[in-house]
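A structural walkthrough
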Amino acid sequence: MTLDVELEGFSGPLDLLCHLVETGEIQASNISVSELIRVYSDFLLRTERAGINEMAEFFSLMARLLLGKLKALLPSLPGLETPPGDEELDPGFLEEALIRYRPYRMAAAYLGDLMRSRERSFIRGNPEEGPPWYDLGDLYSLSMVWWEMVGRKKDRTGHKVQLVEEAGWDGIPVATPDEEQVESRMEELRDLIAGRGSMLLSEIIGFSGTRQLLVVTFLALLEMTRLGIIHISQEELFGDVRIRS
Amino acid sequence: MSGSGAERPLSPVARSVEAVLFVAVQPVGVRELSSVTGVAEDQVARALEEINLRYRNCHGLCLLNIAGGWMMATSPEQEEVVAMFRDVALTQKIRLSKAALESLAVAAYAQPVTRSEIEEIRGVRCERVLETLLRHGLIRVAGRRKGSGTPLLYRTTDSFLSIFGLGSISDLPTLEEMQEILSSGDESSDGGDDER
Amino acid sequence: MSGSGAERPLSPVARSVEAVLFVAVQPVGVRELSSVTGVAEDQVARALEEINLRYRNCHGLCLLNIAGGWMMATSPEQEEVVAMFRDVALTQKIRLSKAALESLAVAAYAQPVTRSEIEEIRGVRCERVLETLLRHGLIRVAGRRKGSGTPLLYRTTDSFLSIFGLGSISDLPTLEEMQEILSSGDESSDGGDDER
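These figures come from a predicted structure and were not determined experimentally.

About the cut-offs
Residues numbered from 1 in each chain as written. Chains lettered and ligands numbered in written order. Predicted model: local features only at pLDDT ≥ 70, side-chain atom pairs only at ≥ 80, totals over all residues. Heavy atoms only, no water. Contact = heavy atoms within 4.5 Å. Buried area = accessible area lost by both parts, 1.4 Å probe. Salt bridge = Lys/Arg side-chain N within 4 Å of Asp/Glu carboxyl O. Polar contact = N/O pair within 3.5 Å; in protein donor to acceptor, adjacent residues only side chain to side chain. Helix = DSSP H or I, 4+ residues; strand = E, 2+ residues; numbered from the N terminus. Nonpolar A, V, L, I, M, F, W, Y, C, P; charged D, E, K, R; others polar. Pairing = 2+ DSSP bridges. Expected span 1.5 Å × (residues − 1). Buried < 20%, exposed > 50% of the residue type's maximum accessible area, 1.4 Å probe, protein only.

1. Section: the interface of chain C and chain B
In this assembly, 52 residues from chain C lie in contact with 52 residues from chain B. Each partner contributes to the roughly 4,700 Å² buried at the junction of chain C and chain B, and carbon and sulfur atoms together form 61% of this total. On the chain C side of the contact with chain B, Glu7(C), Phe22(C) and Phe85(C) bury the most area, a combined 15% of that side's loss. Seen at the junction of chain C and chain B, the total is zero salt bridges. At the boundary of chain C and chain B, one finds 10 residue pairs in polar contact (both at pLDDT 80 or more). For the side of chain C that touches chain B, the secondary-structure elements that each account for two or more residues are helix H1 (12-23), helix H2 (30-37), helix H3 (41-58), strand S2 (69-74), helix H4 (79-85), helix H7 (127-135), strand S5 (139-144) and strand S6 (152-156) of chain C. Its residues assigned to classes, the side of chain C that touches chain B comprises 26 nonpolar, 11 polar and 15 charged.

2. Topic: the pairing of strand S1 (residues 61-66) of chain B
Residues and elements named next belong to chain B. Pairing of S1 with strand S2 (residues 69-74), which is carried by six bridges, proceeds in the antiparallel orientation. Considered in S2, the bridge of Asn 65 is made with Trp 70. Hairpin connection, S1 to S2: the antiparallel pair is bridged by two residues, and Ala 67 has positive phi, about 50 degrees.

3. Let's talk about helix H5 (residues 98-110) of chain B
All names here are of chain B. Between its terminal C-alpha atoms H5 stretches 18 Å, which fits the 18 Å expected from 13 residues at 1.5 Å a residue. The element H5 is extensively covered by neighbouring structure, given that 11 of its 13 residues are classed as buried. Along H5, the positions that sit buried rather than exposed are Ala 99, Ala 100, Leu 101, Glu 102, Ser 103, Leu 104, Ala 105, Val 106, Ala 107, Ala 108 and Tyr 109.

Written as structure tokens, this is what we have:
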């Protein structure tokens, strides 16, 4: 078994914050939310390293931070119960969190290096029966494997199974569009547009059947514009939009 | 102490050929070796000779020319120690492949179960995996299913229970207990789950 | 032409150890090697060193110290040719995101660790990431923490050690050491720090 690590982008909001602190764009000791958002959006405009997932996570963190502040100001406000695990979100939280987080960030990079050097050696293997190995006696793996098989089988036979459904963040609805969808749509669009040199928005929308695909298409176009992959122009008011690669 | 450095390295081609033969699961022909290493076939042949000679003189390994290709193997002198290791290895700490673990899970949860039932759930054949599990004493044959073909029935063994730390088969985690992992915690929001 | 015969054979113990490691499908510990070859553990350790040195100097192979045992592998210099030879489709590639690697790092250092502890350190939810790591056998559930909610505890597996080429978890530099690397690295990362 080999691993392939995607080191593009950031691993989460703290990773991003670390980067901002390290590049001197922000001071860890006096972070205010509005300052943070300003720096962050500046950063977004310049960088290509942040994906949609990271943005969503970042804003989710900000939202939790704001919620914490709001509660501090208005303790009696009804309906503002602290979601479990959010207690630490007072203003000093970020700096503390960064200090705790940074060695692990380093450790992840270290592991990445280890893995790459290990990957250069190959062991003999029987491809069909090869690793990963499960330590015998690992009851949870055994059980997980079984219930997954049961789930798959039910899937095949058409029953509804709720096994792999994702839960929302406590109290905050899931805000993360499926990044992979957007990314693969970006690739499709890139090919499509590159093939023709330029296209009209109406043509592209014509290719997008469902509402979900439409949303993904728009997100992909926005992201591509931000990354400078395409240029969008509108030649006349209310006219069609032209997209060039 | 053995680092006098007198030993001559194998030629670069021989080292590449050696590495390829090491990972190969079946004999590799000279032509394939030549295309993978990017050198001419006669050079590959010389490299094989070089490895062969070195192995014979210095190592516990050898090259075999089988079915028109080349394979690495342990040298005949090591027969005894390798045979002993194979015996011992069977009784050592065992790690299971995913395939073996899956089959064992079916045997545990759905017992008594026939091979074809296991195959049906897993969607792949599993004769060899069952052999492994039998050899490790994790499952046993527990009679035959009545009816057409009277296939063998498998059950887990007592040694299975003790290895997995179970008092009895009914102690296997239920779907509810595994929900936390499998569903990534729909229910884990807090203690307030009421359907039980 | 390469048959000058000048090369010194590996010692008999080293040749036996070599043969055993060749047939082993998972890391073999010194104790096991000792019991199979019938020589003392320190002799086995010397034989391993002998093989290691010989491989490094002369061969396309190497020894790896993984998960408390030893394995034979192709040497890093042969990466390209072996990768070309091995059908890439055969080696299932797992894609790990940076987030997954980071969660794995937390699990490795803080184990046994609960999901919410990992989330607290990383500042984000990580159930899906954990599921990926579980599915690939890089971490496993190792029981439940006592107390409120009895959350599941996670640990890294031997397969983790093997993929990252670690003899044991203690081979990782400590977090304090990381911190030191971090603070010395800081100074080079940007010119604009004022406490020096």
